[in-house]
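Reading the structure
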Amino acid sequence: MILFPAIDLKDGHCVRLKLGDMEQATVYNPDPAAQAKTFEDQGFEWLHVVDLNGAFAGQSVNGAAVDAILKATTNPVQLGGGIRTLSHIESWLVRGLTRVILGTIAVRDPALVIEACKQFPGRVAVGIDAKGGKVAVEGWAEASELGVIELARKFEGAGVAAIIYTDIDRDGILTGINWASTLELADAVSIPVIASGGLASIRDVKRMLQPDARKLEGAISGRALYDGRIDPKEALALIKAARQKDNAQ
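Residues numbered from 1 in each chain as written. Predicted model: local features only at pLDDT ≥ 70, side-chain atom pairs only at ≥ 80, totals over all residues. Heavy atoms only, no water.

Listed under Sequence similarities (unreviewed entry) in UniProt, the entry text for the protein is "Belongs to the HisA/HisF family." Taken from UniProt, the Subcellular location (unreviewed entry) comment for the protein reads in full: "Cytoplasm". (UniProt positions renumbered as here; feature names shortened; annotations may be inferred.)

Shown next as C-alpha cells:
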C-alpha cells in the first residue's frame, strides 16, 4: 500500500485545483523541485505528477519543471498530462520517469496504450477520470460516453501497471475518497487500482488500510497534505505498521 503525494503543475508552479477547474488553482509552492525533495525527506516512497497545462494542450508544457523534479528526488516518479504518442512516452521514460500515465489517449486510441505496454513493460499506467460515472478527457474538459469499468476492461491482460482512478466530483474539495466506486472498479479488473480525488484526512488513510481496500495499490493525496490535514509522519507510520502486520502473517 502506497500513499502517493501529488504535485500538479500549472505554469511551472505546484498547485491544486478545485473540481478540476483551471480557474480555481491555489499555488502551494512556486518551486516544484523543492516540493518533491520535501516529500522525499518526509519519507514518501513515490511521487505522482500531473502536467495540468499539458492535459489541456495535448502535449507536455511543464517539461522543465518535471526535469527539475527528476533531478531533485531519487523517488520513482509517475507523470500524466498531455502524453499522447509512443515517441513521447519513450522520451519521458528515457529522461528518468518510472511510469507514464495515459488518460485521454486511452479513450481515443486504446490500441496505442496496448502497444505502449508491449514496448515499455511495467511502465505504463492508465488514468481514468470520471464525472458522474462517465470517463472525462482533455484535462477533464470533455465527457465521453464510456463507463469507467467498460474502459478499464479494454486493458485487461495488456500489461498496464496500474489504473489511477479519479472521481472529479470530489477532487480538491476534501470530501473523502469515493470508496464505493473505487472498490467496485478494483473488483472488476485484475489491474492494480490507485485511488485519487478527495482524500481528506487520516481517516481516509485508515480506511485505505481496511481489509476490503487492501487490494488497492494505494491512494494519491494532494490538498490534504498541503493544508496540513494529513500529518505525513502519522500516515506513513500507519502504512508501515500495516505492512509489518501483513509480513508477519
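The biggest cluster of nonpolar side chains holds 69 residues, and the ones touching the most others in it are Ile7 and Val113. Excluding residues within four positions of it along the chain, Val113 makes contact with Leu102, Ile105, Ala106, Val124, Val126, Phe155 and Val160. In terms of nonpolar packing, the next biggest core, distinct from the first, is built from ten residues, Phe4, Ile101, Ile164 and Ile220 among them. (Core = buried A, V, L, I, M, F, W, Y, C linked by side-chain atoms within 4.5 Å. Buried < 20%, exposed > 50% of the residue type's maximum accessible area, 1.4 Å probe, protein only. Contact = heavy atoms within 4.5 Å.)

In this section: the packing of aromatic side chains. One pass over the structure, following the stated rule, counts four aromatic pairs. For the pair Phe39 and Phe44, a centre-to-centre distance of 5.7 Å together with 85 degrees between the ring planes defines the contact as edge-to-face. Pair check on accessibility: Phe39 and Phe44 agree, each one buried. Of the aromatic side chains, those joined through ring pairs into one cluster are Tyr28, Phe39, Phe44 and Tyr226. The cationic tip of Arg207 hangs over the ring face of Trp179; the distance from NZ or CZ to the ring centre is 5.5 Å. (Phe/Tyr/Trp six-rings, centres within 6.5 Å; stacked < 30°, edge-to-face > 60°. Lys NZ or Arg CZ within 6 Å of the ring centre and 35° of its normal.)

A word on the UniProt feature "active site" (unreviewed entry) in the protein. In the numbering used here, UniProt assigns the feature "active site" (unreviewed entry) to Asp8 and Asp129. Within the element layout of this structure, Asp8 appears in strand 1 (residues 2-10). Note on Asp8: relative accessible area 8%, which makes it buried. Excluding anything up to four places from it in sequence, Asp8 contacts His13, Cys14, Val15, Arg16, Val50 and Leu52. Secondary-structure assignment places Asp129 in strand 7 (residues 124-131). Overall, the relative accessible area of 17% leaves Asp129 in the buried class. A polar contact is formed between the side chain of Asp129 and the side chain of Thr166, at a distance of 3.4 Å. (Helix = DSSP H or I, 4+ residues; strand = E, 2+ residues; numbered from the N terminus. Polar contact = N/O pair within 3.5 Å; in protein donor to acceptor, adjacent residues only side chain to side chain.)

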